[in-house]
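Remarks on the overall topology
Now for the letters of each chain:
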Amino acid sequence: MLEAKGEIETLADTINEMTDTLATFADQVTTVAREVGIEGKLGGQAKVPGASGTWRHLTDNVNELAANLTTQVRAIAEVATAVTKGDLTRSIAVAAEGEVAILKDNINQMIANLRETTQKNTEQDWLKTNLAKFTRMLQGQRDLETVSKLILSELAPLVSAQHGVFYMMETSEDHPSYLKLLSTYAYRERKNLANRFHLGEGLVGQCALEKERILITEVPNDYIKISSGLGEATPLNAVVLPVLFEGQVTAVIELASFRRFSEIHLMFFDQLTESIAIVLNTIAASMRTEELLKQSQSLAEELQSQQKELTDTNKRLEQQAQSLKASEELLKSQQEQLQQTNAELEEKAELLALQNREVERKNREIEQAKRSLEEKAEQLALTSKYKSEFLANMSHELRTPLNSLLILARLFSENTDGNLTQKQIEYARTIHSSGNELLELINDILDLAKIESGTISINIDQMRFTEIQEQMERTFRQVAQDKDLDFEIHLDESLPPTIHTDSKRLQQVLKNLLSNAFKFTEQGRIRLTVSTVTSGWSSENKILNQADQVIALAVEDTGIELPLRNNTSSLKRSSRQTEPPADGMVVRVWGYQSAAKSFAC
């Protein structure tokens, strides 16, 4: 370092200070560039003490560049993280320009598309699930009033309706058809409202006449009031729905709500009314059949009574004939009395002939009623066939989009391009697993249709007992760990290596039994035992009595209804068996019933 004085010294100090500032600026800018561009650290700022003028502006520009980049990247990362966790309401709102702005807009559009697709899938799942629910709920019902009340009580809360009425079509040869009030939901009877409507009368009658849905979007304030214990208010929407079977109106449903009915609700109404029409027609046919049967029974009783009267008349005629023979001498002397008696006999003969003709007429009526009953039985069989075909077609239609969903979920879980995170892969696997379970449920529905139509087939093959153990372990081990239960599977050493049965049906039964056992067991253990047995079935069961070997599959649990020491002894056996294989061995699957729960194979 050279010594300087005066102006030279001042110039030297200025140059040294400028050199220090430049070195500090270069170091700070290099640090920020390395952190942001190489290390990926955001939020860094350059600090140059004493900088002013151009150096100050350069420092501020570098800091502004780092701050803008930090804000934009963090905003995009925050929204992407939220979308990954399932929050599709978020969007990137940070200010940006150029390519960053294009990236922001593309990500926001992607989120909007994903949100719309998710909403549509959710609505379709809701629609199909609730249609299946109502189909199951209405099966087996035999009373029209009970069915109508059940429909309103389940339908109104489902679509957020607070008011509902159910009108049934009444037909007669004596008067025109009309709609009669059958059931209501939160309905209060008023003097100015009728309980029956003819076709074209009011919105209910007009809906039945046009056979089309009527939607009222803005209900007037004085139209109707929905009341409760706290107050009353006017609904926002009202809808009148026709229930059609083969183009004929069988009923009309009217609903009112404080909310607007969505498009998915209206689509659900249209599809649900078809199922309701089938159920109502089936119940009506059953009621007509029962009525005809009662009439037939009444005619048979009347015919028996008339036959008894004829028998009594014949007996009286025989007695009179005997009396005539015994009184022949007396009758000869009483000619006039004999003529009178002959006249009476002729009248009785005419009466007998008349009664015979009446009996023949009754016989013809009974034969006609018999033919009518046979026709109704054929109609019932055809209705059952339509229902089975509906279940089969519905299962087939559900299977097509579900297979596409399974293929896409499998492709995402395989992550061929390697651009998904581990959590996203797990989500894809979860979707694939849930889709498979839904596919099995659809197959079960198809099996129900096949059972009802008598077309189900049994696929018999060889199955190792170790496969049963592995499948049940894989399915229920995690469930047992989550509920802190001991889960044991015991295979008896005397078992053969394989079993000749329908493996799918066997696993389905075991899964049902174990699922119910886990459902009703809060603590303790659940045990599946597979062993050979020599007793425990009815002595009248010839198949099991003649079998060389019988296999028992038993599920035991320590549910809350029964203590452990009484659980096994309180079981009531129910069974399902397969056809005996060539070696004579018969497979028998045991279910059980405890004090508060019942399961059967």
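Refer to the structure above for everything that follows.
In this report, the structure presented in the accompanying data block is examined. Just so we're clear, the structure is a prediction, and the values are computed from it rather than from any experiment. (Residues numbered from 1 in each chain as written. Predicted model: local features only at pLDDT ≥ 70, side-chain atom pairs only at ≥ 80, totals over all residues. Heavy atoms only, no water.)

**What about the nonpolar core?**
Membership of the largest hydrophobic core comes to 33 residues, with the highest contact counts inside it found for Ile253, Leu255, Phe268, Phe269 and Leu280. At the level of secondary structure, the elements contributing two or more residues to this core comprise α3 (98-138), α4 (144-158), β1 (163-170), β7 (237-245), β8 (248-257) and α6 (263-326). Top contributing element to this core by residue count: α6, with ten residues. Residue contacts for Leu255: discarding those within four places in its chain leaves Leu152, Leu155, Val159, Ala161, His163, Gly164, Asn237, Ala238, Val239, Phe261 and Phe269. In this structure, Phe465, Ile489, Leu506 and Val555 belong to the second largest nonpolar core, which totals 24 residues. (Core = buried A, V, L, I, M, F, W, Y, C linked by side-chain atoms within 4.5 Å. Buried < 20%, exposed > 50% of the residue type's maximum accessible area, 1.4 Å probe, protein only. Helix = DSSP H or I, 4+ residues; strand = E, 2+ residues; numbered from the N terminus. Contact = heavy atoms within 4.5 Å.)

**Here we look at the pattern of salt bridges**
Counted by the stated rule, this structure contains eleven salt bridges. Residues Arg213 and Asp270 are paired through a salt bridge, measuring 2.8 Å at the closest nitrogen-oxygen approach. Residue Arg213 is located in the loop between α5 (202-210) and β4 (214-216), and its partner Asp270 is located in helix α6; the two are separated by 57 residues in the primary sequence. Given the relative accessible area of 37%, Asp270 is considered partly exposed. Of the charged contacts in the structure, one is a salt bridge between Glu358 and Lys362, with a shortest N-O distance of 4.0 Å. With a gap of four residues between them, Glu358 and Lys362 both fall in helix α8 (residues 335-414), about one helical turn apart. Given a relative accessible area of 28%, Glu358 falls into the partly exposed group. (Salt bridge = Lys/Arg side-chain N within 4 Å of Asp/Glu carboxyl O.)

**With respect to the packing of aromatic side chains**
Taken as a whole and judged by the stated rule, the model has eight aromatic pairs. Arranged with centres 5.5 Å apart and planes meeting at 65 degrees, the rings of Phe487 and Phe518 form a pair that is edge-to-face. Taken together, the positions of Phe487 in strand β10 (residues 486-491) and Phe518 in helix α11 (residues 503-520) put the pair 31 residues apart, joining distant regions of the chain. Owing to a relative accessible area of 3%, Phe518 belongs among the buried residues under this scheme. An aromatic cluster is present here, built from Trp126, Phe134, Phe261, Phe268 and Phe269 joined pairwise through their rings. (Phe/Tyr/Trp six-rings, centres within 6.5 Å; stacked < 30°, edge-to-face > 60°.)

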